Amino acid sequence: MKIPDPGPIRAFLEERHASFAGEMGALAARAIAPKPEPPDDAAARRDARALLAEMGAAGWFEPIRRQDWRSCCLAREALAASSPLADAVFALQALGTLPMLLAPNAAMRERWVADAIGGRAMAAFAMTEHVAGSDVAAIATAARRDGRHYVLNGAKTYISNAGIADFYTVFASTDVAAGAKGISAFIVPADAPGLRFVRPQILSAPHPLGEIAFQDCRVPTENRLEEEGRGFALGMKTLDRLRATVGAAACGMASRSLVEALEHARGRRQFGKPIAEFQITQQKLARMATDLMAARLLVYRAAWIADQGAERVALEAAMAKAFATEAAQRIVDDAVQILGGAGVMASHPVDRLYRAVRTLRIYEGTTEIQHLVIAGQLLRDSTE
Ligand SMILES: Cc1cc2nc3c(=O)[nH]c(=O)nc-3n(C[C@H](O)[C@H](O)[C@H](O)COP(=O)(O)OP(=O)(O)OC[C@H]3O[C@@H](n4cnc5c(N)ncnc54)[C@H](O)[C@@H]3O)c2cc1C
């Protein structure tokens, strides 16, 4: 099985996507997959920077600049199957850069986008706080206007690339009383005085994460991406566009797990025959393949709709992210079960995926929040 295999999703692709899938799959298998998993957080941080440069030079981030969501999904499928860390590098380049592509602020685009797409500047997206996880409107980091500057005070947690990013897309409140309508978005360079990397947060799968804090951090007014109070909408529009790509990463991890499980089931003999001949193993394989197919169809449908220029893809993206990430969790878990003891060895690709896949159900909006988005839309539609 090729990963990504454009065959089953061809109805949603154009000719150029099929050749792109082939190129990206081959490049990931050749240049990314052989890299060993970094042994600790410090090594993961160094590897992430090296991957950024390598992937930027190879043109991996170009689909982000073009806002070509089907290509972004194909890229994430290929990367996630080969290296969840490389996939995270791609995901954060998209998340931190897309707000600049969507906002009218030309100065910030000119300053950062070429460097981000070329892999010369690492992006980060700083939204979450201790008091504002799923409830983004509760953001307490304050941005107070002071002449030609804003002065930022507050702290952010669970920020990917914290401590290694070159710039942060920061969401802060310019009017606390206005809630979501008081949130604004800013580009804050990593070397801005008053911005501090507080500490790393260590995951079981390599993924640079951490806390940052702002203490009287002065940011020029030119760094505000949208009008005051439009930062929440910009953040949600960004997440709408990228949630299908999280589903694609889940599909990449699930596809690789299925490949590993099939190979093991054919080769491993117990009770005198390959375990693939036991119907209980076959039932698992059938369920894995069917769930994966359904997940990919939802993901590429959502990306296709976004590529048609739809203003809102919240419903399709939420369905794709929720279904694909939940399905991938089950598929990777079944792969571990089919592999038996071999599947929980830290060095095995399936164990690596087992540790990595879990975060996809949490970041960029938990499954429960996706379900709220879906149900909210259903209920609105049924009253019209
Ligand atoms: C690996 C990783 C990387 C991340 N990277 C970033 C990043 O780069 N930038 C960034 O800003 N953030 C990042 N995050 C943060 C992530 O977006 C949040 O963790 C996520 O939005 C959930 O917030 P929380 O952890 O505070 O959980 P909470 O919001 O406290 O949720 C806890 C549980 O309650 C449930 N829940 C909450 N509200 C409701 C509700 N209304 N109805 C039903 N259930 C509900 C949730 O679904 C969840 O199961 C990252 C997180 C992880 C794990």
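Up top is the structure.
Residues numbered from 1 in each chain as written. Predicted model: local features only at pLDDT ≥ 70, side-chain atom pairs only at ≥ 80, totals over all residues. Heavy atoms only, no water.

Glancing now at the pattern of salt bridges. Under the definition given, this model contains 26 salt bridges. With its nearest N and O atoms 3.1 Å apart, the salt bridge here joins E37 to R355. Of the two residues, E37 is situated in the loop between α1 (15–32) and α2 (41–57) and R355 in helix α10 (residues 349–357); the sequence distance between them amounts to 318 residues. Of the charged contacts in the structure, one is a salt bridge between R355 and D351, with a shortest N-O distance of 3.0 Å. (Salt bridge = Lys/Arg side-chain N within 4 Å of Asp/Glu carboxyl O. Helix = DSSP H or I, 4+ residues; strand = E, 2+ residues; numbered from the N terminus.)

Turning to the site of the ligand, a few remarks are in order. Surveying the vicinity of the ligand reveals 19 residues, the closest of which are F125, T128, S134, T366 and E368. With respect to the ligand, the backbone of Y158 contributes an N or O atom lying 3.1 Å from a nitrogen atom. Within the side chain of E368, an N or O atom sits 2.8 Å from an oxygen atom of the ligand. Elements supplying a minimum of two residues to the shell around the ligand: β3 (149–160) and α11 (367–383). (Near = heavy atom within 4 Å. Polar contact = N/O pair within 3.5 Å; in protein donor to acceptor, adjacent residues only side chain to side chain.)

Put simply, helix α7 (residues 231–267) and α10 touch, their axes get as near as 10 Å, and they point 150° apart. Here α10 runs roughly antiparallel to α7, going by the angle between their axes. As for the relative orientation of α7 and α10, their crossing is left-handed in sense. Facing M253, R256, S257 and E260 of α7, the residues of α10 in contact are P349, V350, L353, A356 and V357. (Axes fitted to C-alpha atoms, helices over the stretch in contact; angles between N-to-C directions. Parallel < 35°, antiparallel > 145°, perpendicular 65-115°, else oblique. Left-handed = near helix turned anticlockwise from the far one by under 90°. Contact = heavy atoms within 4.5 Å.)

A few words on the side chain of H207. Mapped onto the secondary structure, H207 falls in the loop between β6 (195–200) and β7 (209–220). Within the structure, the side chain of H207 is placed 2.8 Å from the side chain of S160, a separation counted as a polar contact. Beyond its immediate sequence surroundings of up to four residues, H207 is in contact with D41, L85, A88 and S160.

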